[in-house]
Amino acid sequence: IEIVGAPIFNEREMLKGAVLLLYDITHLKRLELMRKDFVANVSHELKTPMASMTGFAETLLNGAKHDPESLDRYLTIIYDESSRMEGLVQDLLTLSKLEKEEFQITWETVDLNQVVSDIKPLISQSAEQKEITLTFDLDENLILQTDSEHMEQILINLLINAISYTPEQGKVDLILKNEDDNIHFKVKDTGIGIPEEAIPRIFERFYRVDKARSQNTGGTGLGLAIAKHIVEVHDGSITVESELEKGSVFDVYLPKEEDPALS
Ligand code: ADP
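Predicted model only: the values in this text are computed from it and were never measured. (Residues numbered from 1 in each chain as written. Predicted model: local features only at pLDDT ≥ 70, side-chain atom pairs only at ≥ 80, totals over all residues. Heavy atoms only, no water.)

Looking only at helices and strands, the protein has six helices and nine strands in total. Against the globule reference of 18 Å for 263 residues, the protein gives a C-alpha radius of gyration of 25 Å, more extended than a compact globule. Seen through its principal axes, the protein has C-alpha atoms that stretch 90 × 65 × 35 Å. Considering the protein as a whole, with its 263 residues, one finds that 34% of them fall into the buried category. (Helix = DSSP H or I, 4+ residues; strand = E, 2+ residues; numbered from the N terminus. Rg over C-alpha atoms; globule rule 2.2 N^0.38 Å. Buried < 20%, exposed > 50% of the residue type's maximum accessible area, 1.4 Å probe, protein only.)

Our focus in this paragraph is the pattern of salt bridges. On inspection of all chains with the given rule, the structure shows seven salt bridges. With a closest N to O distance of 3.2 Å, Asp-173 and Lys-171 form a salt bridge. Look at Asp-173 and you get buried, because its relative accessible area is 13%. Since its relative accessible area comes to 36%, Lys-171 is described here as partly exposed. Taking the shortest distance from any N to any O, the salt bridge between Lys-228 and Glu-232 comes out at 3.1 Å. Of this pair, Lys-228 and Glu-232 both sit in helix H6 (residues 223-233), separated by four residues, roughly a single helical turn. Residue Lys-228 is classed as partly exposed on the basis of its relative accessible area of 29%. (Salt bridge = Lys/Arg side-chain N within 4 Å of Asp/Glu carboxyl O.)

Next up on the list: the site of the ligand. Among the 20 residues in the neighbourhood of the ligand, the closest are listed as Asn-161, Tyr-165, Asp-189, Thr-220 and Gly-221. Val-209 is positioned with one of its backbone polar atoms (N or O) 3.1 Å from an oxygen atom of the ligand. In this structure, an oxygen atom belonging to the ligand sits 2.8 Å away from a main-chain N or O atom of Thr-220. Protein chains bury 98% of the 530 Å² of accessible surface belonging to the ligand in isolation. Looking at the shell around the ligand, the elements that each hand over two or more residues are helix H4 (148-164), helix H5 (211-215), H6 and strand S9 (247-255). Here the shell around the ligand is composed, by residue class, of nine nonpolar, eight polar and three charged. (Near = heavy atom within 4 Å. Polar contact = N/O pair within 3.5 Å; in protein donor to acceptor, adjacent residues only side chain to side chain. Areas by Shrake-Rupley, 256 points an atom, 1.4 Å probe, with all protein chains shown as cover. Nonpolar A, V, L, I, M, F, W, Y, C, P; charged D, E, K, R; others polar.)

What follows deals with the pairing of strand S8 (residues 237-243). As paired strands, S8 and S9 are joined by seven bridges and run antiparallel to one another. Bridging from a neighbouring strand, Ile-238 pairs with Val-252 of S9. Linkage of S8 to S9, two consecutive antiparallel strands, is achieved through a turn of three residues, within which Glu-245 is found at a positive phi near 65°. (Pairing = 2+ DSSP bridges.)

As a further point, take the side chain of Ser-248. With respect to the helices and strands, the residue Ser-248 is situated in strand S9. What makes Ser-248 buried here is its relative accessible area of 4%. At 2.9 Å, the side chain of Ser-248 and the side chain of Ser-242 are in polar contact. In contact with Ser-248, not counting residues within four places along its chain, are Val-187, Lys-188, Asp-189, Gly-193, Ile-194, Glu-241 and Ser-242. (Contact = heavy atoms within 4.5 Å.)

Next up on the list: helix H3 (residues 112-129). In this model H3 runs 25 Å from its N-terminal to its C-terminal C-alpha over 18 residues, within 8% of the 26 Å that 1.5 Å per residue would give. Most pronounced at Lys-120, the bend in H3 amounts to some 45°, and the proline Pro-121 follows within four residues. Burial in H3 covers these residues: Leu-112, Val-115, Val-116, Ile-119, Ile-123, Ser-126 and Ala-127. Where the residues of H3 are buried, they touch strand S3 (108-111), strand S4 (133-138), strand S5 (143-146), H4, strand S6 (171-178) and strand S7 (182-189). Capping the start of H3, Asp-111 holds a side-chain oxygen 3.0 Å from the backbone nitrogen of Asn-113, two or three residues further along. (Expected span 1.5 Å × (residues − 1). Bend = angle between axes of the 7 residues up to and from the residue.)

Ranked by size, the top nonpolar core spans 48 residues in total, and within it Leu-112, Met-151, Leu-155 and Phe-185 carry the most contacts. Put simply, the parts of the chain that give this core at least two residues each are helix H2 (68-99), H3, H4, S6, S7, H6, S8 and S9. With seven residues, H4 is the largest single contributor of residues to this core. In contact with Phe-185, not counting residues within four places along its chain, are Leu-112, Met-151, Ile-154, Leu-155, Ile-175, Leu-176, Phe-250, Asp-251, Val-252 and Leu-254. In this structure, Met-53, Ala-64, Tyr-74 and Met-85 belong to the second largest nonpolar core, which totals six residues. (Core = buried A, V, L, I, M, F, W, Y, C linked by side-chain atoms within 4.5 Å.)

As structure tokens, then:
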């Protein structure tokens, strides 16, 4: 709390009383802390791949470039790290766009069956690499007033997570239902699960259950924060149920409004 005080005098300049203003700055302090945390997180996330890129480039310049095997190996690392950085910067831009108050979706009529066929090759390829069985169960009439890019983003983020956090030969299912009031996405996996205490936090920016483990998945820690933002812009909801070593189920409900731009 911040306190500002001032005395009050009467006409004869005698002290009559005082005014005290008490400002509750808890909210501001929290925002300031979140901002500092965010900057620290971004800097850290960018510094790690950059240090590795500089290090390997230096090794190459110092002579390793003459050995074809090292050349190939180090260039691959530099390529992977720069791709990771590119992904992170892209996610940060998406998030900052979504967080702007004046952010507006370009509402259009979207056929979600089409969105799923568009992302299928990318998702199938990731699943194949881990011999994960991927199934799609889609209702026929999946039409929503929305923005197809954002729908792709939610589905890709949830499906790539499901694949990343599921051991080889597991199962990932995508179910899309046309319900009375909502379009309902369900992404189910037979993966490592999420500890109960982490569940309320996984939608926060940069939160990862296990930093060391998540590092290997190449994610940015922003995927679920982005998905949640998109869902909120649609007045929808996103929830998760999970059991350790058994798997997780993410449910997204997007209301089928008549004309969201006018409501
Ligand atoms: P990341 O890029 O690390 O995957 P996300 O925001 O997408 O970031 O997810 C945040 C964290 O939630 C992940 O680091 C992981 O610990 C956990 N998580 C997300 N999806 C799953 C899942 N399907 N199974 C287990 N853990 C998950």
